[in-house]
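Each chain, written out:
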Amino acid sequence: MEWKSSDFQGNSVIDLHLIDDTLMSLSRLLPTQNFLASPLLARLSQRLVFQRSASTTFEIVAPKTAPTEEKPKEQKPSMISKMAKFLELKGNMLWNAHCFHVLYAFRARTPPGQHWLYTLIVPWSMTVGGSSFVSHFILKKPFPWLGNNAKLLSYFLIWALIYHSPRDAVFRFLKRTPVARSGLHVLNSLNKGNGVARNVQATLGMYGQHAVPAAMIAGTLGGSGGGFFSAWEQKTRNPRVQTTLSKPDWNVKVSAAASAAYMALTLLGAGALSKANLPIHDTGKLAAQTILLGASGWLQYKTLRGIYAKKN
C-alpha cells in the first residue's frame with residue numbers, strides 16, 4: 001500500500017511505513033497531559049484521507065492488480081452434441097456388439113473343427129485390423145488396444161460365449177434369430193461411424209487440412225479395415241472366392257462415403273457450422289453414422305424381408 005500527494009509535481013510517492021513511523025514518533029514526544037493528541041496521531045496512519053494543509057491532500061493508493069478475467073459462460077450442449085453422445089452409448093456396448101458381430105460371422109462361414117487358437121486370433125485381426133493399421137502406418141502411434149485391458153477381456157469372454165457356451169446356446173440363438181443379428185449389424189455400423197470420424201479427425205490434425213487423401217484412406221480403413229483381413233483369410237482357404245481384395249464391397253464404399261461426408265462438413269462447412277453454433281466434430285460424426293446406419297438398415301431390411309418371404 002502507498003500514499004501519494006495529488007498536488008506534488010510528478011505524482012511523488014511517499015512510503016506509508018515512513019509516514020507511520022514518523023507519526024508514532026511524534027505521538028511519543030507530545031506532552032502526556034494532552035491525552036487526545038497521542039491517540040489522534042496514532043490513528044492518522046490508518047485513515048484513508050487526511051488534511052495536512054489547505055493545499056495538500058494525501059490519500060491511500062491501493063496496489064495495482066491485474067484485472068480479473070471473467071470466466072466464459074458454459075454453453076449448453078446442442079441437440080447434435082446430445083445425439084452424438086447418445087449414439088456413443090454407455091460403456092463398451094458398441095465394442096461388444098462389434099465383437100459379437102465379427103465372431104458370429106466368422107464362425108458362421110468357416111467350416112467346423114478349426115483349432116481354438118485360429119478361431120481366437122483370426123477374428124481378432126478382423127476386429128481391430130482397421131484401427132491398428134491406421135494407428136501404426138498412418139498416425140505412427142502404438143496400437144490403441146494394447147493398453148485397454150477391458151476390451152481385451154470383453155473380446156475373450158465374447159469369444160468364449162460364441163464358441164464354448166453351454167449347449168452352444170449363444171451361437172444357436174443368433175443363428176435362429178435374424179432380428180438379433182440385424183440389431184448387432186446396426187450397432188456395428190454405429191461403431192464404424194465412430195471409427196471413421198476418429199481416424200479422419202486424427203489424420204487431419206496430424207498432417208494438416210490439406211491431407212485429404214490420407215484422411216480418406218484412414219476413414220475408409222476405420223470403417224472397413226477388418227474386411228480386408230477377412231478377405232485375406234478367405235483367399236487363403238479358397239483362392240477362387242471373390243472378396244474385397246478383388247472387388248470393393250458395399251462396406252468399403254459406404255465407409256468411403258462416410259469419410260467424404262465428414263470431411264465435407266468439417267473442412268468446407270466449418271464456417272457455416274460455427275456461425276450456427278453447431279459443434280463441428282459432432283456434426284461430422286453424426287453425418288458419418290447416419291450414412292452407415294442408413295446403408296446398414298436398408299441392407300438388413302432386404303435381408304429380413306427375404307428370410308420371412310421364404311418362410312411364408
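The rules behind these values
- Residues numbered from 1 in each chain as written.
- Predicted model: local features only at pLDDT ≥ 70, side-chain atom pairs only at ≥ 80, totals over all residues.
- Heavy atoms only, no water.
- pLDDT = per-residue confidence, 0-100.
- Helix = DSSP H or I, 4+ residues; strand = E, 2+ residues; numbered from the N terminus.
- Contact = heavy atoms within 4.5 Å.
- Phe/Tyr/Trp six-rings, centres within 6.5 Å; stacked < 30°, edge-to-face > 60°.
- Buried < 20%, exposed > 50% of the residue type's maximum accessible area, 1.4 Å probe, protein only.
- Polar contact = N/O pair within 3.5 Å; in protein donor to acceptor, adjacent residues only side chain to side chain.
- Salt bridge = Lys/Arg side-chain N within 4 Å of Asp/Glu carboxyl O.
- Expected span 1.5 Å × (residues − 1).
- Patch = residues over 30% accessible without salt bridge, like charges linked within 9 Å, V, L, I, M, F, W, Y side chains within 5 Å.
- Areas by Shrake-Rupley, 256 points an atom, 1.4 Å probe, with all protein chains shown as cover.
- Lys, Arg positive; Asp, Glu negative; His and termini not counted.
- Charge placed at Lys NZ, Arg CZ, Asp CG, Glu CD.

Novice: Account for the confidence of the model for the protein chain, naming residues and giving values.
Specialist: When the pLDDT values of the protein chain are averaged, the result is 79; 71% of them are 70 or greater. Across the protein chain, the secondary-structure element scoring lowest on mean pLDDT is strand S3 (residues 49-51), at 41, and the one scoring highest is helix H7 (residues 169-176), at 95. Within the model, pLDDT remains below 50 along residues 1-13, and this stretch shows 35 contacts once partners closer than five positions in the same chain are excluded. Across residues 48-62, confidence stays below pLDDT 50; counting only partners more than four residues off in sequence or on other chains, it has 34 contacts.

Novice: Go over the packing of aromatic side chains, please, and point to the residues and values.
Specialist: Evaluated as defined, the whole model comprises 11 aromatic pairs. Ring geometry for Trp 124 against Tyr 155: centres 4.7 Å apart, planes inclined by 65°, an arrangement best described as edge-to-face. Linking Trp 124 in helix H5 (residues 116-138) with Tyr 155 in helix H6 (residues 149-164), this pair joins segments that are 31 residues apart in sequence. When its relative accessible area of 14% is taken as the criterion, Trp 124 is described as buried. For Tyr 155, a relative accessible area of 4% gives the class buried.

Novice: Run through the side chain of Ser 182, naming residues and quoting values.
Specialist: Positionally, Ser 182 belongs in helix H8 (residues 178-207). Side-chain polar atoms of Ser 182 contact the side chain of Gln 300, separated by 3.0 Å. Beyond its immediate chain neighbours, meaning those up to four positions away, Ser 182 contacts Gln 300 and Leu 304.

Novice: Tell me what's going on with the pattern of salt bridges, and back it up with residues and numbers.
Specialist: Tallied over the entire structure, the rule returns one salt bridge. Residue Asp 168 is joined to Arg 107 by a salt bridge in which the shortest nitrogen-to-oxygen separation is 2.8 Å. With Asp 168 in the loop between H6 and H7 and Arg 107 in helix H4 (residues 93-109), this residue pair connects regions lying 61 residues apart in the sequence. Take Asp 168: its relative accessible area is 19%, and that puts it in the buried class.

Novice: Kindly report on H8, identifying the contributing residues and their values.
Specialist: Between the first and last C-alpha of H8 there are 43 Å, a value that for 30 residues agrees with the 44 Å anticipated at 1.5 Å per step. Note on H8: the residue one or two positions beyond its end, Gly 208, has a positive phi of about 100°.

Novice: Please provide a residue-by-residue account of the side chain of Ser 230, values included.
Specialist: Of note, Ser 230 is situated in helix H9 (residues 212-237). Side chain to side chain, Ser 230 and Arg 109 meet in a polar contact 2.8 Å long.

Novice: Which residues make up unusual backbone geometry, and what are the values?
Specialist: For Asp 168, which is not glycine, the phi dihedral falls at a positive 55°. Positive phi is not limited to glycine here, since Asn 277 has a value of about 55°. Relative to the helices and strands, Asn 277 is located in the loop between helix H11 (270-275) and helix H12 (280-311).

Novice: Requested: an account of a positive patch on the surface, with residues and values cited.
Specialist: Among the surface-exposed residues, Arg 167, Arg 172, Lys 175 and Arg 176 lie close enough to one another that they form a single positively charged patch. Structurally, the position occupied by Arg 167 is in the loop between H6 and H7. Its relative accessible area of 78% is what places Arg 167 among the exposed residues.

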